[in-house]
Amino acid sequence: ALIGKGQHRHFMLKEIFEQPEVIGGTLNTMLNPAERTITLPSLPFDLGVVNRVRIIACGTSFYAGSVAKYWIEKLARLPVEVDIASEFRYREPPMEPGGLAIFISQSGETADTLAALRYCRAHGQHTLALVNVPESTISREAEATLLTLAGPEIGVASTKAFTTQLVVLACLAVGMARSRGAISGETEAEICQALAEVPARVAEFLRRDDEIRLMAQGISEARDVLYLGRGASFPIALEGALKLKEISYIHAEGYAAGELKHGPIALIDDSVPVIVICPTDELYEKTASNVQEVVARGGRVVFFSDQEGVDRLASPPFAAMALPAVNPFVAPILYAIPVQLLAYHVAIAKGTDVDQPRNLAKSVTVE
Ligand code: G6P
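Residues numbered from 1 in each chain as written. Predicted model: local features only at pLDDT ≥ 70, side-chain atom pairs only at ≥ 80, totals over all residues.

Trainee: Honestly, the sheet that holds strand 9 (residues 251–256) in this entry has me stumped. Any pointers?
Mentor: Read across the open sheet, the five strands follow the order 9-8-10-11-12; overall the sheet is parallel. Lying at the two open borders of the sheet, with one neighbouring strand each, are strand 9 and strand 12 (319–323). Pairs of neighbouring strands in the sheet enclose a mean axial angle of 15°, with direction left out of account. Relative to strand 11 (residues 300–306), strand 10 (residues 273–277) is paired through five bridges, and the arrangement is parallel. Looking at the pairing, Val276 lines up with Phe303 of strand 11. (Pairing = 2+ DSSP bridges. Helix = DSSP H or I, 4+ residues; strand = E, 2+ residues; numbered from the N terminus. Axes fitted to C-alpha atoms, helices over the stretch in contact; angles between N-to-C directions.)

Put into structure tokens, the structure is as follows:
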């Protein structure tokens, strides 16, 4: 079927705005909002006895896996290793049989991810695909598949595939935690409640697209941009930097906020925007103190938090935006949206080809 852009100027923008719907649709496959429980599809292996988890992917899908590491380790108390597929496969890592290997891929066709899947199967791992294309090679070759219901993603820069991957991984983390007896019914209910509210919070935030567009004007002239985050917000900083460089061609780097003083602080002056992803979770104070360090050196901080987080900041940033307050567990899903929109509007301000950025391919099926 022919897929159009509808009222939107680009596929990327259309796909960003589809997120409330596709996040909701993906959640509906696993979440029971009345009972506030999650039911995973039946799998051909027992999550309760898996003793280690490996997540392997490329690009934006790798960052979704990186968020999942925080979730699974915290909730299910299971050690998780996350790998870039092209590094994993050539390293020939030793693996004890009985582990679970999860392969995240929008297309389900990425060559390095597929090769890593074959390696894991040959080494006695249970394999689980998380894809957006059910009939894809990665889905067919894995023992089991979980689907993101993002619908076709046309823009080269991944948006709705990423947030729906996060949704499935959040549900998987809860499911793993429950099968291991690591989570109380009360905690599960709270997380389910928070997940059920995500589509509405995302929709609420998308109505403020104009504010991001104005913010982007101040960034489009920059040569370098730094993104900072801690905990599960760190991969969102990485994803924000990736989105910006992919479509605006501005050099951007994502950094763990705690690593600021181990290098990137040397770059700070008033020409380097520093985008900070800082929900009010248990790490808020730590990241807020990094903000002070940047502001004290004349850096231009663009601060994403909720109203409480913005109010608590001691010295005023260059710009701030208060997102809807959410349970910190689901914050990575919500905070993905401002970094997508920011990259989009900076690219528009620069006049680049948002849907077809130079040198990039939607699906990398060569090695
Ligand atoms: C390419 C795309 C990215 C994507 C990556 C992994 O680089 O441009 O948007 O994240 O491949 O693709 P996959 O289909 O495996 O998620």
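Don't stop here, the text continues.
Trainee: Just checking my understanding: could you explain the site of the ligand for this structure?
Mentor: For the ligand, the set of nearby residues contains 16 residues, the closest of which are Gly59, Thr60, Ser105, Ser107 and Thr110. Of all the elements, helix 3 (residues 59–76) adds the most residues to the shell around the ligand, at three residues. Per-class residue counts for the shell around the ligand are five nonpolar, ten polar and one charged. (Near = placed C-beta within 6 Å. Nonpolar A, V, L, I, M, F, W, Y, C, P; charged D, E, K, R; others polar.)

Trainee: Sorry, what's going on with unusual backbone geometry here?
Mentor: A negative phi holds for most residues other than glycine; trans holds for most peptide bonds. At Arg77, a position not held by glycine, the phi torsion is positive, near 55°. Within the element layout of this structure, Arg77 appears in the loop between helix 3 and strand 4 (80–84). On the basis of neighbour count, Arg77 is assigned to the partly exposed category, with 13 C-beta atoms found within 10 Å. Located in the positive-phi region is Tyr249, a residue other than glycine, with phi close to 65°. Within the secondary structure layout, Tyr249 lies in the loop between helix 10 (233–248) and strand 9. (Buried ≥ 20, exposed ≤ 12 C-beta atoms within 10 Å, placed from the backbone.)

Trainee: Help me understand helix 9 (residues 209–217), please; the structure alone is not making it clear to me.
Mentor: One full turn of an α-helix is made of 3.6 residues, so residues set three or four places apart face in the same direction. Looking only at helix 9, the buried set comprises Ile212, Met215 and Ala216. One face of helix 9 carries all of its buried residues, which in axial projection span an arc of 100°. Turned more than 90 degrees away from the buried face of helix 9, the exposed residues are Asp210, Leu214 and Gln217. Packed against the buried residues of helix 9 are strand 11, strand 12 and helix 13 (331–350). (Arc of directions from axis to C-beta. Contact = placed C-beta atoms within 7 Å.)

Trainee: Before we go on, may I ask you to explain the nonpolar core in this structure?
Mentor: Considering soluble globular proteins, one finds that nonpolar side chains tend to be buried as a cluster. Phe103, Leu169, Ala170, Ala173, Val276, Val330 and Leu334 are the most contacted members of the largest nonpolar core, which totals 127 residues. For Val330, the contacting residues outside a window of four places in its chain are Ala170, Ala194, Leu195 and Val198. (Core = buried A, V, L, I, M, F, W, Y, C linked by C-beta atoms within 7 Å.)

Trainee: Before we go on, may I ask you to explain the packing of helix 2 (residues 19–28) against helix 8 (residues 185–206) in this structure?
Mentor: Two numbers describe how helix 2 lies on helix 8: the axes approach to 8 Å, and their chain directions differ by 170°. Relative to helix 8, the element helix 2 lies roughly antiparallel. Facing helix 2, whose interface residues are Gln19, Pro20, Ile23, Gly24 and Leu27, helix 8 presents Leu195, Ala196, Val198, Pro199, Val202 and Ala203. Of the residues contributing to the contact of helix 2 with helix 8, the split by class is nine nonpolar, two polar and no charged. (Parallel < 35°, antiparallel > 145°, perpendicular 65-115°, else oblique.)

Trainee: Sorry, what's going on with the sheet that holds strand 7 (residues 144–147) here?
Mentor: Think of a sheet as strands paired side by side through backbone hydrogen bonds, with each pair either parallel or antiparallel. Spatial strand order, 4-3-5-6-7: five strands in an open sheet with parallel pairing. With one partner strand each, in any of the chains shown, strand 4 and strand 7 form the two edges of the open sheet. Pairwise comparison of adjacent strand axes, ignoring direction, gives a mean angle of 20° for this sheet. Bridge count between strand 5 (residues 100–105) and strand 6 (residues 126–131): six bridges; the pairing is parallel.

Trainee: How should I be thinking about the environment of Gly4 in this particular structure?
Mentor: By secondary structure assignment, the location of Gly4 is in the segment before helix 1 (11–17). Spatially, the C-alpha atom of Gly4 lies 32 Å from that of Ala144, the residues being 140 residues apart in sequence.

Trainee: Please clarify how the pairing of strand 4 should be interpreted in this entry.
Mentor: The side chains of a regular strand alternate between both faces of the sheet. Bridge count for strand 3 (residues 53–57) against strand 4 is five bridges, and the pairing is parallel. Across the sheet, residue Ala57 finds its bridge partner in strand 4, namely Ile84.

Trainee: Got a minute to help me understand the pairing of strand 10 in this structure?
Mentor: Most of strand 10 is tucked away: five of the five residues are buried. Here strand 10 shows a buried face lined by Pro273, Ile275 and Ile277 and a second buried face lined by Val274 and Val276. Across four bridges, strand 8 (residues 224–229) lies against strand 10 in parallel orientation. Paired with Gly229 across the two strands is Ile277, which belongs to strand 10.

Trainee: Just checking my understanding: could you explain the packing of helix 7 (residues 160–179) against helix 13 for this structure?
Mentor: In a packed pair of helices, the relevant descriptors are the angle between the two axes and the axis-to-axis distance. Helix 13 packs onto helix 7 with a crossing angle of 175° between their chain directions and a minimal axis gap of 9 Å. Accordingly, the angle class assigned to the pair helix 7 and helix 13 is roughly antiparallel. Contact residues: helix 7 offers Phe162, Thr163, Leu166 and Val167, while helix 13 offers Pro332, Ile333 and Ala336.

Trainee: Just checking my understanding: could you explain the environment of Ala222 for this structure?
Mentor: Note on placement: Ala222 falls in the loop between helix 9 and strand 8. On the neighbour-count criterion, Ala222 (18 C-beta atoms within 10 Å) is partly exposed. Considering only alpha carbons, one finds Ala222 and Ser271, 49 residues apart in sequence, at a separation of 6.5 Å. Those residues within four positions of Ala222 in sequence are excluded, and the remaining contacts are Ile250, Ser271, Val272 and Pro273.

None of the figures reported here should be taken as evidence of function without further support.
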